[in-house]
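# A look at the structure
One-letter residues, chain by chain:
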Amino acid sequence: MCVPMQNNIAFLTSDVSRLLRKRFDVVSRRFGVTGPQWRMLAALRRTPGINQGALAQWLEVEAITAGRMIDRLEKSGMVERRADPNDRRAWRLFLTDAATPLLDELFICATDVFEEAQQGFTPAERDLLLALLERVRANLLEETPLEKVPETPLAEGALAHG
């Protein structure tokens, strides 16, 4: 059965995520940061002391890209690197006190974006949306064994032509 793209959960969640990122990018420019920098600052607020590699992985960017963003944020006084006590080659990342007011303002803007995105939803619908998305996330976080791809001519043909 072929599911139209507009009704595909992967397409819809990806598109909603893209549109939210686009909106955050526009809002963040007013504060002199990019959307990706905002996401990095928010991640550091949630996980102070994370290392660059783990942060890059979480943000789904290359380590070199994360490094450049960290360099810019460090230069602007928002982030500081501290030596990792367990690994002389690694650095732990922390927000500076200067980042707090900026993140507080960005949080207010994020709340406005979320309000806009959920315009016309009742409180019960908002709660249901969050609960359903949490269940989808939990389902995808579950450890599942790798499934073997069927070795049928149909599957091989679909891979070759699809």
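Quick caveat: nothing in here was measured; it's all calculated off a predicted structure.

Cut-off values and rules
- Residues numbered from 1 in each chain as written.
- Predicted model: local features only at pLDDT ≥ 70, side-chain atom pairs only at ≥ 80, totals over all residues.
- Heavy atoms only, no water.
- Salt bridge = Lys/Arg side-chain N within 4 Å of Asp/Glu carboxyl O.
- Helix = DSSP H or I, 4+ residues; strand = E, 2+ residues; numbered from the N terminus.
- Patch = residues over 30% accessible without salt bridge, like charges linked within 9 Å, V, L, I, M, F, W, Y side chains within 5 Å.
- Areas by Shrake-Rupley, 256 points an atom, 1.4 Å probe, with all protein chains shown as cover.
- Buried < 20%, exposed > 50% of the residue type's maximum accessible area, 1.4 Å probe, protein only.
- Phe/Tyr/Trp six-rings, centres within 6.5 Å; stacked < 30°, edge-to-face > 60°.
- Lys NZ or Arg CZ within 6 Å of the ring centre and 35° of its normal.
- Core = buried A, V, L, I, M, F, W, Y, C linked by side-chain atoms within 4.5 Å.
- Contact = heavy atoms within 4.5 Å.
- Axes fitted to C-alpha atoms, helices over the stretch in contact; angles between N-to-C directions.
- Parallel < 35°, antiparallel > 145°, perpendicular 65-115°, else oblique.
- Left-handed = near helix turned anticlockwise from the far one by under 90°.
- Nonpolar A, V, L, I, M, F, W, Y, C, P; charged D, E, K, R; others polar.
- Expected span 1.5 Å × (residues − 1).
- Arc of directions from axis to C-beta.

### Notes on the pattern of salt bridges
Within this structure, the stated rule accounts for 11 salt bridges. R45 is the salt-bridge partner of D104, the closest N and O atoms lying 3.0 Å from each other. Here D104, found in helix α5 (residues 99–117), pairs with R45, found in helix α2 (residues 35–46); they are 59 residues apart in sequence, far enough to count as distant. Where salt bridges share partners, they join D71, E74 and R81 into one cluster.

### Here's the deal with a nonpolar patch on the surface
A cluster of nonpolar side chains, I9, V136 and L140, forms an exposed patch at the surface whose accessible area comes to about 300 Å². You can see L140 is positioned in helix α6 (residues 123–141). On the accessibility criterion, L140 (70% relative accessible area) is exposed.

### A look at the packing of aromatic side chains
Within the structure shown, the criterion is met by 2 aromatic pairs. For the pair F24 and F114, a centre-to-centre distance of 5.7 Å together with 90 degrees between the ring planes defines the contact as edge-to-face. Of this pair, F24 sits in helix α1 (residues 9–29) while F114 sits in helix α5; the two residues are 90 residues apart in sequence, bridging distant segments of the chain. F114 sits in the partly exposed class, given a relative accessible area of 38%. In textbook terms, an aromatic cluster arises when at least three aromatic residues are bridged by ring pairs, as seen for F24, W38 and F114. The residue whose ring lies beneath R82 is F94, and the NZ or CZ to ring-centre distance is 3.8 Å.

### Here we look at the nonpolar core
Residues W38, M40, L41, L44, L55, M78 and V79 are the most contacted members of the largest nonpolar core, which totals 26 residues. Counting residues per element, the ones that place at least two in this core are α1, α2, α3 (52–59), α4 (63–75) and α5. The element that contributes the greatest number of residues to this core is α5, accounting for 7 residues. Setting aside chain neighbours within four positions, we find L44 in contact with I50, L55, V79, L93 and L95.

### Brief notes about the packing of α2 against α3
Closest axis-to-axis distance for the α2/α3 pair is 11 Å, and the angle between their directions is 120 degrees. As the angle between them shows, α2 and α3 are arranged oblique. Of the two possible hands of crossing, α2 and α3 adopt the one that is right-handed. Along its contact with α2, which presents R39, M40, A43, L44 and R46, the element α3 presents L55, W58 and L59. Its residues assigned to classes, the contact of α2 with α3 shows 6 nonpolar, no polar and 2 charged.

### Considerations on the side chain of R126
Secondary-structure assignment places R126 in helix α6. The exposure class of R126 is buried, given its relative accessible area of 19%. Not counting chain neighbours up to four residues away, the residues in contact with R126 comprise E115, Q118 and F121.

### Things to note about α1
Helix length check: α1, at 21 residues, gives a terminal C-alpha distance of 30 Å against a target of 30 Å (1.5 Å per residue), a fit within 8%. Considered for burial, the residues of α1 that qualify are F24, V27 and S28. Buried residues of α1 fall within an arc of 90 degrees about the axis and therefore sit on the same side. Of the residues in α1, the exposed ones pointing more than 90 degrees away from the buried face are K22 and R29.

The values reported here are purely geometric and, on their own, carry no functional implication.
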